[in-house]
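Structure at a glance
Read off the chains here:
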Amino acid sequence: MTPVAILLFLTGAVLAWRFRVWILVPFCLIAIVATLSIQLAQDQGFATAVGYALLAGCAPQFGYAFGLLARGTLMARYSPRQTVSRKASVAALYRQTSARDDRDI
C-alpha cells in the first residue's frame, strides 16, 4: 500500500502544477473507490479496507498541497526582484490612468 500512497501523493503534486483544486474531488473519489474495491477483493477486513481507502483519498490532497507549496517557492525564488519605490509606482499608475482617459475622449 505504501507504493500506491507514494504514487498518489506524487500525482497530487503534479496536478497542483496544472489544475485547480476541483480536480481533487473526482480524483480522490476514484482513488477511494478503487482502493476499497481492490482491498475487499483481496479478502481484507472491511475496517482495514476503509482505512486503506482513506489513506488513498488523503494522499493526493497532501500531494496537491505540497505541489502548491513547491510551485510558490520556486516562483518566488526565480521571479525578478522589483525594487521600485512607492512614489514611482503611484506615478506609473497615474500615467496609465491618464493615458487611458485620453484615449476615451
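What you see is a predicted model, and the numbers here were worked out from it, not measured in a lab.

**Looking at the overall build of the protein chain**
A tally of regular secondary structure across the protein chain gives four helices and zero strands. By the burial criterion, 19% of the 105 residues in the protein chain qualify as buried. For the protein chain, restricting intrachain contacts to residue pairs at least 6 apart in sequence, the fraction spanning at least 24 positions comes to 73%. Accessible surface for the protein chain amounts to roughly 8,200 Å². Of this, 67% is attributable to carbon and sulfur atoms.

**Some words on unusual backbone geometry**
At aspartate 43, a residue that is not glycine, the phi angle is positive and equals roughly 60°. For aspartate 43, the position within the fold is in the loop between helix H2 (24-41) and helix H3 (46-78).

**Some details on the nonpolar core**
The biggest cluster of nonpolar side chains holds five residues, and these are Leu15, Ala16, Leu24, Cys28 and Tyr64. Mapped by element, the contributors of at least two residues to this core are helix H1 (2-18) and H2. When residues no more than four places from it in sequence are discounted, the contact partners of cysteine 28 are Gly57, Pro60 and Gln61.

**A closer look at the confidence of the model for the protein chain**
Across the protein chain, the average pLDDT comes to 82, with 75% of residues at or above 70. For the protein chain, helix H4 (residues 86-104) is the element with the lowest average pLDDT, namely 61, and H2 is the one with the highest, namely 92.

About the cut-offs
Residues numbered from 1 in each chain as written. Predicted model: local features only at pLDDT ≥ 70, side-chain atom pairs only at ≥ 80, totals over all residues. Heavy atoms only, no water. Helix = DSSP H or I, 4+ residues; strand = E, 2+ residues; numbered from the N terminus. Buried < 20%, exposed > 50% of the residue type's maximum accessible area, 1.4 Å probe, protein only. Contact = heavy atoms within 4.5 Å. Areas by Shrake-Rupley, 256 points an atom, 1.4 Å probe, with all protein chains shown as cover. Core = buried A, V, L, I, M, F, W, Y, C linked by side-chain atoms within 4.5 Å. pLDDT = per-residue confidence, 0-100.

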